[in-house]
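Residues per chain, in single letters:
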Amino acid sequence: MTSKEKRAEDTLRIKESEIYRGEVFLHDISPYLIDVELTVEDLLVILFMDFLKRIKEKGK
């Protein structure tokens, strides 16, 4: 890590039922993900990164 890079860590609490919903979603889309394995954690990272991108672009 360079001196310009920063790192942040956060704790996220999610209901068990929501985790299961994520697992079902990933199972449903798995036929379309050729040679790609995603976990619920990966899905959360993608959603969070998309959220940050939208905030930077639109301020919302």
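Residues take numbers from 1 onward in each chain, read along the sequence in its written order. The predicted nature of this model means local features are confined to residues of pLDDT at least 70 and side-chain atom pairs, given and counted, to a pLDDT of 80 or more, with totals for whole chains, interfaces and linings taken over all residues. Heavy atoms from the whole structure form the basis of all side-chain values; hydrogens and water molecules are not counted.

1. Re the overall build of the protein
Just so we agree on the cut-off: Each helix is a run of DSSP H or I of at least 4 residues and each strand a run of E of at least 2, with the numbering of both proceeding from the N terminus. C-alpha atoms define the radius of gyration, and 2.2 Å times the number of residues to the power 0.38 defines the globule rule. Relative accessibility under 20% of the residue-type maximum defines a buried residue, over 50% an exposed one, and the middle range a partly exposed one, all with a 1.4 Å probe and only protein chains included. Under the convention used here, a 1.4 Å probe and the Shrake-Rupley method define accessible areas, while residue burial counts only the protein chains that appear. Positive charges come from Lys and Arg, negative ones from Asp and Glu, while His and the chain ends are left out of the count. Note that the charge is assigned to NZ on lysines, CZ on arginines, CG on aspartates and CD on glutamates.
Helix and strand counts for the protein come out as 2 helices and 0 strands. For 60 residues, the compact-globule estimate of 2.2 N^0.38 gives 10 Å, and the protein exceeds it by more than 25% at 15 Å. When the 60 residues of the protein are sorted by exposure, 7% land in the buried category. Carbon and sulfur atoms form 56% of the exposed surface of the protein, whose accessible area is close to 6300 Å². Each charge class in the protein was averaged separately, 11 positive and 13 negative side chains, and the resulting centres sit 12 Å apart.

2. Quick word on the pattern of salt bridges
Put simply, the rule is: A pairing counts as a salt bridge when a side-chain nitrogen of Lys or Arg comes within 4 Å of a carboxyl oxygen of Asp or Glu.
Scanning the entire structure with this criterion turns up 2 salt bridges. The closest approach of N and O atoms between Glu-18 and Arg-21, which form a salt bridge, is 3.3 Å. Of the two residues, Glu-18 and Arg-21 both sit in helix α1 (residues 16-29), 3 residues apart, roughly one turn of that helix. Residue classification places Glu-18 among the partly exposed residues on the basis of a relative accessible area of 38%. Salt-bridge contacts for Arg-54 lead to Asp-50; the nearest nitrogen and oxygen are separated by 3.2 Å.

3. Overview of helix α2 (residues 40-58)
As a reminder, the rule being used: One less than the number of residues in a helix, times 1.5 Å, gives the span that helix is expected to have.
Between its first and last C-alpha, α2 extends 27 Å over 19 residues, near the 27 Å set by a 1.5 Å rise per residue. Once α2 finishes, Gly-59 follows within two positions and takes phi at roughly 75 degrees, a positive value.

4. Topic: a nonpolar patch on the surface
Convention followed: Patch membership needs two things, relative accessible area over 30% and no salt bridge, and members are linked within 9 Å if like-charged or within 5 Å if nonpolar (Val, Leu, Ile, Met, Phe, Trp, Tyr).
A contiguous nonpolar patch, built from Val-45, Phe-48, Met-49, Phe-51, Leu-52 and Ile-55 and spanning about 530 Å² of accessible area, is present on the exposed surface. Along the chain, Phe-48 turns up in helix α2.

5. Some thoughts on unusual backbone geometry
Most peptide bonds are trans, and most residues other than glycine sit at a negative phi. With a phi angle near 60 degrees, Asp-35 is a residue other than glycine that sits in the positive phi range. As for its position among the elements, Asp-35 is in the loop between α1 and α2. The exposure class assigned to Asp-35 is exposed, which follows from its relative accessible area of 79%.

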